[in-house]
Each structure stands twice: as C-alpha cells, then as structure tokens.
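# Summary of the model geometry
What follows is each chain in one-letter form.
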Amino acid sequence: MRILQLIDSMAVGGAERMAVNIANLFSNENIPNILVASRSNGPMNDFLLEKDNFLCLHKQSFFDFRAFKKLVSTARNFNPTHIHVHDSSVFWGVLLKHFIPSSKLVWHAHYGGFSGDDQRFGNKIKFIAGSIDAVITVNEELKDWIEKELTKIRNVAYIQNFPDLPVPVSRQNPSDVILCLANLKPPKNHHLLVNTFLEFVASHPSYLLKLVGSTDNPVYLSEIKEIISKKGMMDKIHIEGIQLNLTSYMEEAQFAVLSSDVEGLPVSLLELGLGKVPIITTAVGQCEALLEKGKFGYLVERGKKDELLGAMLHVSANISEAKDKAELFASHVSAKFGNMNFLEKYTNLLNGLS
C-alpha cells in the first residue's frame, strides 16, 4: 500500500484529527504515505510524526488550477496505490484519480448529517459515486445511507475512529469543571449546553463550564457570547478556543458534556474515554452505541434540556458511579478502538478492491 491522504485543512476537528492519526499510524507501520491539505495548514500539523510527508496546496477555490496542478505533480511523483479523501475532498479526489488511473479512490465520510436532513454536499455525491471505489463511514447510519442512496458504490465499510493521546492523563484531583470538547459550530448545539448550565449552576455555584474548540464561526460565536454576557456568566463559562494540549483540561474536569444535534463517531469521546473523564452525551450518531446505551456513560435525547440538566445533576451527585463508568469505558476504548483494530479493517477493505 502507498497512501495519499487528501483533506481540506489542518484545523482542529474530528476529520483532521483522524487524518493525522492515520498518517502517524502508517508512518509507525512503515507504510509509505503522504498527507495533503488542499486549502490551509493548521494546528493539527504539530501532531504529525513525519513533517516531511505533509504538503499544503493553499488552494483559493475549487477551480484553483495552480493548486490542482501541484497536487497532480505530487501524486505522480508519489505514485499512490490508494487516494484516501476526507469528506468534501472527495470532489478533487475524483478529478485526481483521472490523472492516476491505477489508483483506487477511498472516501472517508465523517459527517453524520449526510444521512439526515442536513446533508451539506451529500446530495451531490451521487453525481460522482461511480468514481468512488470504496467508502469508510464513521457510524452505522452513514453506512446504511450510502448503501441505500449511492448504489453505484459497491464497497462500504464502517470502521471506527481511533484516538491518540500523546500525553498520559492523570486524574488525581479533578475540580468542579464541566468540559465540552467540540468546535463552536451549529451541529454541536452549544446553545443547549450553555442554557442548561445556567440552570445547573444556580444550585451548583462552584462549577465552571469550559468550551474547548475552534471559534471560526463568528455568527455562532457571537450568539454564545451574547447568552453568556446577558446572564452575567463570564466568570462561570469560559470559551477556551482551540487547545492542542487537552491533558490539563481532562485532568481538571469533573465530567464532560457533548450536546450535539449531529455526530458521526466523535474522536473527542474516544479521547475523553482514554482520559477516564465521565461523559454525558446526546444519543446521536454512533454515541449511543459507543457508550453501549449507558453502560459507559450517560445518554440524553437530542435537544432535551430537561434530560441534559437531569443527567448533569445526577453525575454531580454520583461522582463515584460516574468514575466507575469512565474506568470501564477507558478499558473498552483501549480494547475496541485501538489503531491496530483500525489498520486490520482498513487493510482488509483495500485488499478487497478489484
């Protein structure tokens, strides 16, 4: 195998994290690989083990001929057996495949909303489906949707994301901090979390809420800031922005909350799992299966503030129980979501392509 990965940017996000994790896994296993960011570099580049195997094209638009020419030149020199594209990079991947006809195109679909009403560019995939040799999905819903809607794609596999925490987490003395690891954008529904926390903190005044994630959606960020400001909660709700070192946040958090409306298989939950942080999450995407219907954490229905508040109150009053679930989840993540598990399924998928 010789793998060329293509992703839009190196911003902090689930797809970007997985692209880096996969690149590092390939490098550790001596699998020739190169990672190309089409649009922009970013913080995730710091986590790459082999910086020489990375290229940023700095494309300005879909029709940036200069950037695409550089991609073709790089691909021809590298001569990949497989072009592994993440989310929207599939469109340039299809074009690239015409210049490297011996390669196979593998689309890694991360965005859980493809299978729901919010398809983003999902409805356009049908026009290029015939050029996609295989799809990796991050949850079962996506797999079912692709098999139903994109029948020209014959090889579809659900392969779980895998986490990678470069620094061990030591949770000896967590404090009254609630952690949310999610980029500040609409699918993550921080409005629900912030409004729920406002009720929670009324009876638990020692608690802080820390929102860790990118803040590059100015409208969304402004909305969240406005809620916090109007309620006079600037000292209780901290917008931390992008943080590359999550260890200190995991060590201080009493528990974590993910209030998303849409998810695939959140790498953040797997990382929190390795860090043994108790988790409350909405039961969207693969989250319910990931926590085995509550065995490893706490599940609430999407968009239900009363349920989320009840879970937060329960966890704060039953920390010992929550820690036990977190310990179980840590063992589960290590056993079921390790990088070798991913590599075995990935290799089987690629070997099965004719």
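So, a few notes on the structure that sits alongside this text.

Reading the values: the criteria
- Each chain has its residues counted from 1, following the order in which its sequence is written.
- Under the rules for a predicted model, residues below a pLDDT of 70 receive no local features and side-chain atom pairs below 80 are neither given nor counted, while totals for whole chains, interfaces and linings still include all residues.
- Calculated side-chain values reflect all of the structure's heavy atoms, with hydrogen atoms and water omitted.
- Throughout, the protein atoms alone are placed on a 1 Å grid, and a set of points is a cavity if a 1.4 Å probe fits but cannot get out or a pocket if it is open with protein on both sides within 12 Å along at least five of seven lines; lining residues have an atom within 4 Å of a point.
- Grid points are joined across faces, edges and corners, and a volume is the space filled by probe spheres set on the points.
- Comment: elements are numbered from the N terminus, with helices defined as DSSP H or I runs of at least four residues and strands as E runs of at least two.
- In this count, Pro and Cys sit with the nonpolar residues alongside Ala, Val, Leu, Ile, Met, Phe, Trp and Tyr, while Asp, Glu, Lys and Arg are called charged and the others, Gly among them, polar.
- The convention used is that axes are lines fitted to C-alpha atoms, helices contributing only their stretch in contact, and that angles between N-to-C directions extend from 0 to 180 degrees.
- Every angle not falling under 35 degrees, over 145, or within 65 to 115 is termed oblique; those three ranges are roughly parallel, roughly antiparallel and roughly perpendicular.
- Handedness of a crossing is defined here by the sense of rotation of the near helix relative to the far one, left-handed for an anticlockwise turn of less than a right angle and right-handed for a clockwise turn.
- Note on contacts: a residue pair qualifies if any of its non-hydrogen atoms lie within 4.5 Å across the two residues.
- A 1.4 Å probe rolled over the protein chains alone gives each residue an accessible area, and that area as a share of the maximum for its type sets the label: buried under 20%, exposed over 50%, partly exposed in between.
- Strand pairing is assigned whenever DSSP detects at least two bridges linking the two strands.
- Here a crossover is taken to be right-handed if, once the strands point away from the viewer, the path from the first strand over the helix to the second is traced clockwise.
- Aromatic rings from Phe, Tyr and Trp, with only the six-membered ring used for Trp, were paired whenever their centres fell within 6.5 Å, and each pair was classed as stacked if the ring planes differed by under 30 degrees, edge-to-face if by over 60, and tilted otherwise.
- Here, a charge over a ring is recorded when the distance from Lys NZ or Arg CZ to the ring centre is within 6 Å and its angle to the ring normal is within 35 degrees.
- Whenever a carboxyl oxygen of Asp or Glu lies within 4 Å of a side-chain nitrogen of Lys or Arg, that contact is scored as a salt bridge.

Here the focus is empty space enclosed by the protein. Taken as a whole and assessed by the stated rule, the structure comprises 1 cavity of 30 Å³ or more. What the largest cavity holds in volume is close to 40 Å³. In terms of lining, the largest cavity is formed by Ala23, Asn24, Ser27, Asn33, Leu35, Leu48, Leu49, Glu50, Asn53 and Phe54. Of all elements in the fold, only α1 (14-28) and β2 (33-40) reach the threshold of two or more residues within the lining of the largest cavity. A total of 3 residues in the lining of the largest cavity trace back to one element, the largest contributor, which is α1. Here the lining of the largest cavity is composed, by residue class, of 5 nonpolar, 4 polar and 1 charged.

Attention shifts here to the packing of helix α2 (residues 65-78) against helix α3 (residues 90-99). The N-to-C vectors of α2 and α3 enclose an angle of 50 degrees; their axes lie 10 Å apart at closest approach. Taken together, the axes of α2 and α3 lie oblique to each other. Viewed along their axes, α2 and α3 form a crossing whose handedness is right-handed. Along the contact surface, α2 presents Ala67, Phe68, Leu71, Val72, Ala75 and Arg76, while α3 presents Trp92, Leu95, Leu96 and Phe99. Along the lines of polarity and charge, the residues of the contact of α2 with α3 split into 9 nonpolar, no polar and 1 charged.

Here the focus is the pairing of strand β11 (residues 255-258). Side chains of β11 alternate between two faces, with Phe255 and Val257 and Ala256 and Leu258 buried alike. Two elements, strand β8 (residues 177-181) and β11, share 2 bridges in a ladder whose sense is parallel. Considered in β11, the bridge of Ile178 is made with Phe255. Where β11 and strand β12 (residues 279-282) come together, 3 bridges link them in parallel fashion. Residue pairing for β12: Val257 is matched across the bridge by Ile280. In this region the chain leaves β11, passes through helix α8 (residues 267-274) and returns to the parallel neighbour β12; the handedness of that crossover is right-handed.

Before going further, it helps to spend a moment on the packing of aromatic side chains. Within the structure shown, the criterion is met by 11 aromatic pairs. Between Phe342 and Tyr346 the ring centres are 5.5 Å apart and the planes differ by 20 degrees, which places this aromatic pair in the stacked class. With Phe342 and Tyr346 both in helix α12 (residues 339-351) and 4 residues apart, the pair spans about one turn of that helix. The exposure classification of Phe342 matches that of Tyr346, with both residues buried. One aromatic cluster is present, built from ring pairs that chain together Phe62, Phe63, Phe68, Trp92 and Phe99. Geometry around Phe78 places Arg2 over its ring, the cationic atom sitting 4.5 Å from the centre. Across from the ring centre of Trp92, 4.3 Å away, lies the NZ or CZ of Lys59, which sits over that ring.

Right, let's talk about the pattern of salt bridges for a bit. One pass over the structure, following the stated rule, counts 11 salt bridges. Its salt-bridge partner being Lys210, residue Glu252 comes within 2.8 Å of it at the nearest N-O pair. Here Lys210 lies in strand β9 (residues 208-212) and Glu252 lies in helix α7 (residues 247-252), a separation of 42 residues in the sequence. By relative accessible area, Glu252 is classed as partly exposed at 21%. Under the relative-accessibility criterion, Lys210 is labelled buried at 13%. Measuring nitrogen to oxygen at the nearest pair gives 3.2 Å for the salt bridge that ties Glu226 to Lys230.

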